[in-house]
Amino acid sequence: MDFSIVADFFQKIESASSRLEMTDFYAELLNKTDLTDIKEVIYLSQGKIAPDFNGIELGLGENLVIEAIRKTTGYSKEKIMQDFLKKGDLGEVIYFFSANKIQKTLFKEVLSVQKVFSNLKRIGLSSGHGSQETKLKLLSELFNSANASEAKFIARIVLGKTRLGLGDSSIMDALAIIYSFEFPILFKKELNLIEENLKEKKEEKRKIETDLRIKQNLKELIESKYNIHPDLGFICFKLKEKGLKGLNEIEIETGIPIRPTLAERLSNAEEIIEKLGKCIVEGKYDGLRLQCHKNKDEVIIFSRKQENMTAMFPELVKGIQEQIKAEKVIFEGEALAFNEKEKKFYPFQITMQRKRKYGVKEKSEEVPLTLFCFDLMYLNGKNLMDLTLTERRKSLNSIIGKGKRIKLTDSILASDAKTLEKFFNESVSKGLEGIIAKDLNAKYIAGARKFAWIKLKKSYNDELNDSMDLVIIGFFKGKGKRTQFGVGALLCAVFDSIEHSFKSVAKIGTGLSEEQLKELNELLSVISLKEKPLNVVSEIIPDVWVEPKYVIEVIADEITRSPIHAAAKSENNGLALRFPRMIQFRQDKNPEDATTENELISLFERNK
Ligand code: ATP
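Residues numbered from 1 in each chain as written. Predicted model: local features only at pLDDT ≥ 70, side-chain atom pairs only at ≥ 80, totals over all residues. Heavy atoms only, no water.

Draft legend 1. The overall build of the protein, seen in detail. Looking only at helices and strands, the protein has 22 helices and 22 strands in total. For 608 residues, the compact-globule estimate of 2.2 N^0.38 gives 25 Å, and the C-alpha radius of gyration of the protein, at 25 Å, lies within 12% of that figure. In terms of overall dimensions, the protein has C-alpha extents of about 80 × 65 × 60 Å along its principal axes. In the protein, buried positions account for 54% of the 608 residues. Within the protein, counting contacts between residues at least 6 apart in sequence, those at least 24 apart form 72% of the total. Total accessible area on the protein is roughly 28,500 Å²; 49% of this is exposed by carbon and sulfur atoms. Computed over 97 positive and 91 negative side-chain charges, the separation of the two mean positions in the protein equals 2 Å. (Helix = DSSP H or I, 4+ residues; strand = E, 2+ residues; numbered from the N terminus. Rg over C-alpha atoms; globule rule 2.2 N^0.38 Å. Buried < 20%, exposed > 50% of the residue type's maximum accessible area, 1.4 Å probe, protein only. Contact = heavy atoms within 4.5 Å. Areas by Shrake-Rupley, 256 points an atom, 1.4 Å probe, with all protein chains shown as cover. Lys, Arg positive; Asp, Glu negative; His and termini not counted. Charge placed at Lys NZ, Arg CZ, Asp CG, Glu CD.)

Draft legend 2. Broad picture of the site of the ligand. Neighbouring residues of the ligand: 19 residues in total, closest Glu 334, Lys 438, Lys 455, Lys 457 and Lys 589. Tyr 285 places a main-chain nitrogen or oxygen 3.0 Å from a nitrogen atom of the ligand. A distance of 3.0 Å separates an oxygen atom of the ligand from a polar side-chain atom of Arg 586. The set of elements that each furnish at least two residues to the shell around the ligand consists of strand E1 (262-265), strand E2 (279-284), strand E11 (434-439) and strand E12 (449-457). By residue number, the principal contributor to the shell around the ligand is E12, which donates 4 residues. (Near = heavy atom within 4 Å. Polar contact = N/O pair within 3.5 Å; in protein donor to acceptor, adjacent residues only side chain to side chain.)

Draft legend 3. View of the domain arrangement of the protein. The domain boundaries assigned to the protein delineate domain 1 (3-159), domain 2 (168-249), domain 3 (262-457) and domain 4 (468-606). Inter-centroid distance (C-alpha atoms) of domain 1 to domain 4 is 30 Å. Contact with domain 4 buries area across many residues of domain 1, yet Arg 19, Glu 62 and Gly 88 alone supply 58% of it, more than any other trio. Across the contact surface, domain 1 and domain 4 share 0 salt bridges. Linking domain 1 with domain 4 are 0 residue pairs in polar contact (both at pLDDT 80 or more). Within the side of domain 1 that touches domain 4, the residues separate by chemical class into 2 nonpolar, 3 polar and 3 charged. (Domains from an automatic or database assignment. Buried area = accessible area lost by both parts, 1.4 Å probe. Salt bridge = Lys/Arg side-chain N within 4 Å of Asp/Glu carboxyl O. Nonpolar A, V, L, I, M, F, W, Y, C, P; charged D, E, K, R; others polar.)

Draft legend 4. Structural view of the sheet that holds E1. With mixed pairing, 5 strands are arranged side by side in an open sheet as E1-E12-E11-E2-E10. This sheet does not close on itself; its edge strands, each paired only once, are E1 and strand E10 (411-414). In this sheet, neighbouring strand axes are inclined to one another by 40 degrees on average, regardless of whether the strands run parallel or antiparallel. Sheet analysis places E2 next to E10, joined by 4 bridges and oriented antiparallel. What sits directly across from Val 281, in E10, is Ile 412. Sheet strands in contact with helix H19 (residues 389-399) are E2, E10 and E11, and its direction is about 55 degrees off that of E2. Against the sheet, helix H20 (residues 417-429) contacts E2, E10, E11 and E12, and its axis sits at roughly 140 degrees relative to E11. (Pairing = 2+ DSSP bridges. Axes fitted to C-alpha atoms, helices over the stretch in contact; angles between N-to-C directions.)

Draft legend 5. Molecular detail of the packing of helix H4 (residues 62-73) against helix H5 (residues 77-87). H5 packs onto H4 with a crossing angle of 125 degrees between their chain directions and a minimal axis gap of 10 Å. Comparing their axes, H5 and H4 come out oblique. With respect to the hand of their crossing, H4 and H5 are arranged in right-handed fashion. Of the residues in H5, those touching H4 at Glu 62, Ile 66, Ile 69 and Arg 70 are Lys 77, Ile 80, Met 81 and Phe 84. Split by residue class, the contact of H4 with H5 holds 5 nonpolar, no polar and 3 charged. (Parallel < 35°, antiparallel > 145°, perpendicular 65-115°, else oblique. Left-handed = near helix turned anticlockwise from the far one by under 90°.)

Draft legend 6. Structural context of the packing of aromatic side chains. According to the stated counting rule, one finds 12 aromatic pairs in the structure shown. Relative to Phe 372, the ring of Phe 345 lies with its centre 5.6 Å away and its plane at 55 degrees, an arrangement referred to as tilted. Of this pair, Phe 345 sits in strand E6 (residues 344-345) while Phe 372 sits in strand E7 (residues 369-379); the two residues are 27 residues apart in sequence, bridging distant segments of the chain. Judged by its relative accessible area of 11%, Phe 345 falls in the buried class. Every member of this aromatic cluster is reached through a ring pair, and the members are Tyr 285, Phe 338, Phe 345 and Phe 372. Positioned over the ring face of Phe 237 is Lys 39, at 5.3 Å from the centre of the ring. (Phe/Tyr/Trp six-rings, centres within 6.5 Å; stacked < 30°, edge-to-face > 60°. Lys NZ or Arg CZ within 6 Å of the ring centre and 35° of its normal.)

Draft legend 7. The arrangement of the pattern of salt bridges in detail. Tallied over the entire structure, the rule returns 44 salt bridges. Between Arg 393 and Glu 282 there is a salt bridge whose closest N-O contact spans 3.1 Å. Placement of the pair is Arg 393 in helix H19 and Glu 282 in strand E2, with a sequence separation of 111 residues. Of the two residues, Arg 393 and Glu 282, neither departs from the other in class, the shared state being buried. Salt-bridge contacts for Lys 457 lead to Glu 433; the nearest nitrogen and oxygen are separated by 3.4 Å. Remark: Glu 433 occurs in the loop between H20 and E11 and Lys 457 occurs in strand E12; sequence separation between them is 24 residues. Note on accessibility: Lys 457 and Glu 433 belong to one class, buried.

The structure is reproduced here in structure tokens:
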């Protein structure tokens, strides 16, 4: 397929006036795409060349892209910089200069999806001495042959931001639209159930709602596969190849991360026992959540965000090879610095020193980590996610051999609040963050925050609320002394996990050090947007909108009703944070992992 077809659709998606329209355009593009190009089209629309867990990143620097624009259009660097400063988007810059080239192109070829993808992949893979020249050559080759809108999207993709507003959730919505025609054939029972539930409705309404529910059902089905195999290129390939039946071929595999299960929160031991009854209670270790995959001697370690972190933890790799008594296994735990002799857990900041690219060996000897394991999802070819926690934990216990690096989390069984509270206090006094109580009969629920796990942290007992993780959706330029930093205050949002949108909840100007303001300015100016993106809901208009990308941890005095914020809005009031302060960046979280609108509402109810 010609890349120009893809670029034309990207153009339409970019100018769509609603999420619905955007998803329809995207579904049309995927429908038009053949099996041979489908993976590539999916990755390009995500601004990637591979799923995240492969760790191949494009992320070219702006200077290199500017140089490629200069080389291929004939305009001077000064002219390009001037236009960039005005527009803030190199995609728009090359769009204009490409359409008005002052330099003749000598050799031009029609760009296919495969050609664009192959050059981008080579850019992503080239490293080391001479790689900058290679990247420049490969990019210039594409710019040379591209028309204006092709060049615009190629520039954006290599910079790692398509600005299309197409999140993974919208891509799954589009897939549900495309394959909804197969639903009545393959899911007769489910269709009957939907029709039964809607039979009282008038015909017109019934039709619309049936259609909506079919798509919801399909999206959930696709999402259940995405949760165990988070690679939409692969999922879409299977769908194209075999229709909905292709989904049956997507299974857990070592080397492919599973999306993590997440914990709900309640405010005290009584509430937890009331919710779960007899439950298992473990310490809440304050370190890094790691998902470990072992296939014979090969070990891969993924972060909470599914990044491959194997190279950072050589002592854990060795520990897993020596201690885990199973051929093929996927299990999870929290890794942190721990002094075995004194039974002392070190604070999060110490463990965080291990998140590094250089000096790994020295640091691993200075601050070795211990992995406290708490779940087992896959064992020797068997998916264990549907077993109860009791069964999974029993198997997990049986495969951990003796040794220092890999241990099972300490746990107790609690049937009453007193026992739970006692364990909580013991855990806190040992330096842990609190406890996590777990439903003994729950399955492993990938990618969701359900009441299978409930956390109780020591901060919940303080006067203030627990911290929240908010997404930055815009910023206000600094006034007075802060003008020099570019950023003065942040507009932040919670995540609406139903609508997949980000709703404003706080304006944060306090707690930001000069260092952080500078860092924020660097990070945010790269993802600035001319207009509010379609997945953001806010009546407050910041000086600059940004792509919802970065998550920060925030504390506040309280949650109050507010006429100006969009979170949990009903009638005239939404919810807002009073005196919010930034604590730190949460680089281990994606925007979709931020505090949700529902969590905000329950925190508000709890603290009323
Ligand atoms: P927080 O910000 O409170 O650390 P979170 O938002 O990162 O939490 P949650 O799902 O709310 O994640 O809480 C569960 C997290 O607690 C896990 O992601 C894991 O990193 C950590 N954890 C520590 N000890 C345990 C344990 N015993 N079982 C499960 N998770 C644990």
